[in-house]
Amino acid sequence: MKKLGQILSQFKGQCINTYIEQSRMSDIGIVPMCKNHYEIIKKVFAGPQQVMSKFILNFYQLKLHQYAMTKLEDKRGEDKYLKTLYEFYSRRLKLSCDLQIYMSTMDDDLLNKLTQQIFQKHIFGYVEIESRLLTSKCFNELEKLHLSKKHQKKQIERFQELKRDMQVLIGTRANINIAQIEDYGGETFLSEELAIKILQKANATLKRSVYCVATPTCLRTFLIHEHVNYALEVGLHAVPIVESTGTLPHLYFLDVVHKTSIIVHFNTPKCSDYLFKKRILMEQLESKFGQGLDRTINAVIGWVKFYLQHEQRKTDYKPDIDVDTISSAVRFLSIVFQKFSSCLHVVQSLQPIIQQLKICVDDENQKTYYTNLSYA
């Protein structure tokens, strides 16, 4: 067989070319096909390594190149296009590694270079497409969340803090709502499902390309700033000021703190730029946590003071009967219970707040909260 191969190889390589052309018609996988033909080539041709290299290169330059170009020509669906590109490119790189053992030492790394040539046109604008698609997806997810809640995203006013301060000064003296505090019915505008979707999309992008600079930017912009930070800002301005009602105001900000803590502790992509800047962003968020918790404490303390001032009188502390018999003592206790029912109402009203704190706030902040309440 080898002698016949040597004789036929003298016909300007026509024998080798014909053999390679006929071999490409096989329907079996590329790696098994190369393995089978390598055994034949070793027995037939005098220079099996060179023939095998030509065999593989021919396959790369014709069949694989044509197949890849056909599949990647359609760019109408960018998401599908990027997935297809990533799948083909990854498979070609793996294939190059698997077939390298059949290549001659002179052709070292040639397969990887051929792979780069095949995908060069598509890799050139890849990062830009990936960045644009990720940004669009994150933006659309946030839009869908706000639409589902029938909420028009608002720009936080620059002078909102000043309005709150003025409201505190005149709120108990006049029934004027300068601060225009709105609690949105307890809506936190935070969604764990949305956060998971954004993280999944970011992970998918990073899996395809660690060089996509849009990934950390999108996480900072849409997950932290536009989603978490916006909800904190809205919740912060929704913390009630002292109200002239008999019911303790709702403290929805504690729910915002709870959901924020869950979201920011989700497993995030291992992206050094994002992780570094996330620490800085977390310091800003924690500052708003503290500010909001202080406001909720002030709201509770303010309500307690206001309620007791209006429900109790100084005479409540002075017995108006002599306690010298059992019957008079019973009567006295009955009067005391009635007059101090406002204190009981305060204690009962604080119980839901305590339960809410246990759910929404960590142990350290709980201790701080209870301490401030006790000193008040």
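In this convention, every chain numbers its residues from 1, walking through the sequence in written order. In keeping with the model being predicted, local features are shown solely for residues with a pLDDT of at least 70 and side-chain atom pairs are shown and tallied solely at 80 or more, while totals for entire chains, interfaces and linings include all residues. Heavy atoms throughout the structure, all of them, feed into the side-chain values; hydrogens and water do not.

Novice: Help me get a handle on the nonpolar core, residues and values and all.
Specialist: Most often, soluble globular proteins keep nonpolar side chains buried together rather than apart. Within the largest apolar cluster, 37 residues are counted, with the highest numbers of intra-cluster contacts made by Cys34, Met52, Ile56, Tyr60, Leu99, Leu111 and Phe119. Where this core is concerned, the elements lending two or more residues are helix H2 (14–23), helix H3 (30–44), helix H4 (48–72), helix H5 (78–99), helix H6 (110–124) and helix H7 (126–148). For helices the rule is a DSSP run of H or I covering at least 4 residues; for strands it is a run of E covering at least 2, with both sets numbered from the N terminus onward. No other element matches H4, which puts 11 residues into this core. Once you skip the residues sitting within four places of it in the chain, Met52 turns out to touch Cys34, Tyr38, Ile41 and Tyr102. Joining through side-chain atoms within 4.5 Å is the link that ties buried Ala, Val, Leu, Ile, Met, Phe, Trp, Tyr and Cys residues into a set, and such a set is a nonpolar core. Relative accessibility thresholds used throughout: buried, under 20% of the residue-type maximum; exposed, over 50%; partly exposed, between the two (1.4 Å probe, protein chains only). Cys138, Ile198, Leu199 and Ala202 belong to the second-largest nonpolar core, a separate cluster that totals 29 residues. In what follows, residue pairs with any heavy atoms lying within 4.5 Å of each other are defined as contacts.

Novice: Before we move on, could you go through H4 and cite the residues and values that matter?
Specialist: Helix length check: H4 (25 residues) gives 34 Å between terminal C-alpha atoms against 36 Å at 1.5 Å per residue, within 8%. The bend reported for a residue corresponds to the angle between axes fitted to the seven residues ending at that residue and the seven starting there. Where H4 bends most, the angle comes to about 35 degrees, and this point is Tyr60. Listed as buried for H4 are Val51, Met52, Ser53, Phe55, Ile56, Leu57, Phe59, Tyr60, Leu64, Ala68, Met69 and Leu72. Helix span, expected: 1.5 Å multiplied by one less than the number of residues in the helix.

Novice: Break down the side chain of His151 for me, citing the residues and quoting the values.
Specialist: On the secondary structure map, His151 appears in the loop between H7 and helix H8 (160–170). For His151, a relative accessible area of 10% puts it in the buried group. For His151, the residues in contact, after removing those within four places along its chain, are His146, Tyr184, Phe189 and Tyr230.

Novice: Before we move on, can you summarise the packing of H3 against H4 with the specific residues and values?
Specialist: For the pair H3 and H4, interaxial distance at closest approach is 10 Å and the crossing angle is 150 degrees. As judged from the angle between their axes, H3 and H4 are roughly antiparallel. Here the hand of the crossing between H3 and H4 comes out right-handed. Of the residues in H4, those in contact with Ile30, Met33, Cys34, His37, Tyr38, Ile41 and Lys42 of H3 are Pro48, Gln49, Val51, Met52, Phe55, Ile56, Phe59 and Leu64. In this count, Pro and Cys sit with the nonpolar residues alongside Ala, Val, Leu, Ile, Met, Phe, Trp and Tyr, while Asp, Glu, Lys and Arg are called charged and the others, Gly among them, polar. The residue inventory of the contact of H3 with H4, partitioned by class, reads 12 nonpolar, 2 polar and 1 charged. Note on geometry: axes are C-alpha line fits, over the in-contact stretch for helices, and angles between N-to-C directions span 0 to 180 degrees. Each angle is binned into one of four classes, with values under 35 degrees roughly parallel, values over 145 roughly antiparallel, values of 65 to 115 roughly perpendicular, and all other values oblique. What makes a crossing left-handed is the near helix being turned counterclockwise from the far one by less than a right angle; a clockwise turn instead makes it right-handed.

Novice: Please provide a residue-by-residue account of unusual backbone geometry, values included.
Specialist: Peptide bonds are trans in most cases, and residues, glycine excluded, mostly fall at negative phi. Backbone geometry at Lys150 places phi at a positive 55 degrees, although glycine is not the residue there. Residue classification places Lys150 among the exposed residues on the basis of a relative accessible area of 80%. Although it is not a glycine, Phe189 sits at a positive phi angle of roughly 60 degrees. Inspection of the secondary structure assignment puts Phe189 in the loop between H8 and helix H9 (192–208).

Novice: Give a description of the confidence of the model for the protein that names residues and reports values.
Specialist: pLDDT is a residue-level measure of predictor confidence that goes from 0 to 100. Of the residues in the protein, 72% reach a pLDDT of 70 or more, and the chain-wide mean stands at 75. Model confidence for the protein, summarised as mean pLDDT per element, is weakest for helix H1 (residues 2–9) at 52 and strongest for helix H11 (residues 253–264) at 90.

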